[in-house]
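For reference, the chains in residue letters:
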Amino acid sequence: MTSWDTHDNVHVLDSGLALVTGPASNWVVVGTGDSWLLVDGGYPGDMDRVMASARAAGVRGLPEAVLLTHAHVDHVGAARRLAADGVPVWCAAAELGNATGETPSQIAPETAYAKAAASPLWGAWVHHAVAAGGLESQRLRPAQLRSFAARAGNVLDLPGHPVVIPSTGHTPGHTSFQVGPVLVGGDAVVTAHPTSPVEGRAQLLDAAFQDDYEATTQAAQRLCEVQAEVLAPGHGPALEMSAVREELRSAHVPVDL
Ligand SMILES: [Zn+2]
């Protein structure tokens, strides 16, 4: 998780949409020229990577907005820094408490440390997370936030016109978005994670990361029904939706379809 460059990690999935695979979490650049949207923002330590990836994706200046799938520290990093420069940060209304820190929903450090003591994968992830600013505050001020109704089909007035797909479970207001043929899934369904031995296949994050595991399994089922061509997950590489649907039916994921 140490060497990283834009050449290997900026993946154009559609015209005006690039999935960026960060060292330990992903973000998405939507738009062209100086009209663009950042979906999620990596860890606090990923700020320079976020801006370098945006340049590599062909956009200029600051984004018009940051749109969060959810307010975990590994997705809010650059958002918090861009908010300090006046860029508004959007999230679902039910995620506001997590974004402001009023009602936080995130794995407790002691849980992560206990897991790390028992698993080398978790140990390496905790080491990276701490180095990447995972213990920094990810709180945003209410004035920096814009919220939207997590109503299926709600089209947001942002570059790329993201369509809201509620996917509560990972956090109370976790939301996925469809942008053209791409499903920006956040952490509802991922294709890898530093704590997972499975890479490049659709999977759910460990239960320790889930606010409501059962709700996450239901959200994953709903995402399988979305008429999109490719999944841009919050962790791991892009994956064709046909493979996502197929793999969520296989034994390594506890989703009963
Ligand atoms: Zn998360």
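Our subject is the structure listed above.
Residues numbered from 1 in each chain as written. Predicted model: local features only at pLDDT ≥ 70, side-chain atom pairs only at ≥ 80, totals over all residues. Heavy atoms only, no water.

(A) Seen up close, the side chain of Q138. Along the chain, Q138 falls in the loop between α6 (120–131) and β7 (145–148). The class for Q138 is buried, based on a relative accessible area of 16%. What Q138 contacts, discounting residues up to four positions off in sequence, is A71, H72, V73, V76, R80, A99 and Q106. (Helix = DSSP H or I, 4+ residues; strand = E, 2+ residues; numbered from the N terminus. Buried < 20%, exposed > 50% of the residue type's maximum accessible area, 1.4 Å probe, protein only. Contact = heavy atoms within 4.5 Å.)

(B) Summary view of the coordination of the zinc ion. Listed as protein donors to the zinc ion are H70 (NE2), H72 (ND1), H170 (NE2) and D187 (OD); their distances from the metal cover 2.1 to 2.3 Å. Its 4 donor atoms give the zinc ion angles of 88 to 173° at the centre, a pattern that matches the irregular case. Summarised as a motif, the one-chain spacing of the donors to the zinc ion is H-x1-H-x97-H-x16-D. Owing to a relative accessible area of 0%, H70 belongs among the buried residues under this scheme. (Donors = N, O, S within 2.8 Å, 3.2 Å for Na, K, Ca; no water. Tetrahedral: all angles 85-135°; square planar, octahedral: opposite > 155°, others 65-115°.)

(C) Representation of empty space enclosed by the protein within the structure. Overall, the coordinates contain 1 cavity of 30 Å³ or more when judged by the stated rule. Roughly 40 Å³ of volume is contained in the largest cavity. Every residue along the wall of the largest cavity is listed here: N26, W27, V28, V39, D40, T69, V184, G186, A232, P233 and G234. Where the lining of the largest cavity is concerned, the elements lending two or more residues are β3 (26–32), β10 (182–186) and β11 (230–233). At 3 residues, the largest contribution of residues to the lining of the largest cavity is made by β3. Considering only residue class, the lining of the largest cavity consists of 6 nonpolar, 4 polar and 1 charged. (1 Å grid on protein atoms, 1.4 Å probe; cavity = no way out; pocket = protein on both sides within 12 Å on 5 of 7 lines; lining within 4 Å. Points joined across faces, edges and corners; volume = space filled by probe spheres on them. Nonpolar A, V, L, I, M, F, W, Y, C, P; charged D, E, K, R; others polar.)

(D) View of the packing of helix α5 (residues 109–118) against α6. Running from N to C, α5 and α6 cross one another at 135°; their axes reach a closest spacing of 6 Å. The orientation of α5 relative to α6 falls into the category oblique. Considering the relative orientation of α5 and α6, their crossing is left-handed. Contact residues: α5 offers A112, Y113, K115, A116 and A118, while α6 offers P120, W122, G123, W125, V126 and V130. Among the residues making up the contact of α5 with α6, the classes are represented as 9 nonpolar, 1 polar and 1 charged. (Axes fitted to C-alpha atoms, helices over the stretch in contact; angles between N-to-C directions. Parallel < 35°, antiparallel > 145°, perpendicular 65-115°, else oblique. Left-handed = near helix turned anticlockwise from the far one by under 90°.)

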